[in-house]
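Descriptive analysis of the structure
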Amino acid sequence: MNHIAGDTAALAANLRTLCDRHGSVAAVCRKLNVNRQQFNKYLSGAHVPSSANLRTIANFFGLSVPILFSNPEEFRTLIDGNFFHAMSTARHLPEFVNFLSNIVFDGSVQDSEILGVYDRYQFSSIYKGFILKSAFCLYRNNNFLQHYYIERFPSFDRPGRTEYVFKYYGFSFPVADRLFTADFEGIQSNELTFGVYAQVKRNAKRFMFGIASGIAANAFRQPYATKVALHYKGPGLLQRSHLKELTVIDRSDPSIPREVLQYLGDGSDMIQM
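Reading the values: rules and limits
- Residues numbered from 1 in each chain as written.
- Predicted model: local features only at pLDDT ≥ 70, side-chain atom pairs only at ≥ 80, totals over all residues.
- Heavy atoms only, no water.
- Salt bridge = Lys/Arg side-chain N within 4 Å of Asp/Glu carboxyl O.
- Helix = DSSP H or I, 4+ residues; strand = E, 2+ residues; numbered from the N terminus.
- Buried < 20%, exposed > 50% of the residue type's maximum accessible area, 1.4 Å probe, protein only.
- Phe/Tyr/Trp six-rings, centres within 6.5 Å; stacked < 30°, edge-to-face > 60°.
- Lys NZ or Arg CZ within 6 Å of the ring centre and 35° of its normal.

1. A look at the pattern of salt bridges
One pass over the structure, following the stated rule, counts five salt bridges. Note that R120 and E151 form a salt bridge whose closest N and O atoms lie 3.9 Å from each other. Separated by 31 residues along the polypeptide, R120 in strand β1 (residues 116–123) and E151 in strand β3 (residues 144–154) bring together distant segments of the chain. A salt bridge links R258 to E259; the shortest N-O distance between them is 3.8 Å. Here the residues in one salt-bridge network are D119, K133, K233 and E245, joined through shared partners.

Written as structure tokens, this is what we have:
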């Protein structure tokens, strides 16, 4: 297996990140049944694991091999928010295994048509009448699709300061020209939401329009449903530059695509009980 130096350095940095999140290098080596001295060479970038060892490492952490070689900054964003703890727990639940065994996957969907980074727009339930702009990423992990998205809410009293951050992680299922999503919030770990989207292409712009629904995690347990627009930005994983743009914006903001405004309307059809 041939890798350029940048790929090797990225792999080493990402393995160090994984070990930091997982506990210790020694514990990881024991569970992988990999020699500690050899693994240290992977961590330093001196050696690249064999194809078999790469698959073993990727499977252990619940990742695909290509993601191990992704940009370290993007990689850290991906795993932030206790992602691996939650995914590891889910993967061992018999209910989850049964769920995956019954997934209907539409093989006609091409990865190049949907994978990548999107601006995500919806009316905010916290800032009434304003639009929440978040960052959404859809990527392939082995034989199925996963996604994650991040929301940031400014402070009411100090608008330049972030008051709340929410991070969602989940699975995506393309079925009959639609994308079904199920995701959980990774910081509070107390919310599960669902969505369904249809892809729309307008004048070379790529959108997915749909709805998201769930039940609030507060004491009142209000159900909600709202329109969501996804505007494709490009391939890859989320980067720091994407996160800088996350906030709540006025509907008149010129940065919002016209197609998004047409789809979202004035927010009067948002259901929140």
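2. A word on unusual backbone geometry
You will see that N33, though not glycine, has its phi angle at about 60 degrees, which is positive. Along the polypeptide, N33 turns up in the loop between α2 (25–32) and α3 (36–44). Since its relative accessible area comes to 71%, N33 is described here as exposed.

3. Some thoughts on the packing of aromatic side chains
Evaluation of the coordinates by the stated rule reveals 15 aromatic pairs. Their ring planes at 75 degrees and their centres at 5.9 Å tell us that Y139 and Y148 sit as a pair that is edge-to-face. Under the relative-accessibility criterion, Y139 is labelled buried at 5%. The class for Y148 is buried, based on a relative accessible area of 1%. What links up through ring pairs into an aromatic cluster is the set Y118, F136, Y149, Y168 and Y232. The ring of Y232 has R206 lying over it, and the distance from NZ or CZ to the ring centre is 3.9 Å. The side chain of K227 reaches across the aromatic face of Y263, ending 5.1 Å from its centre.

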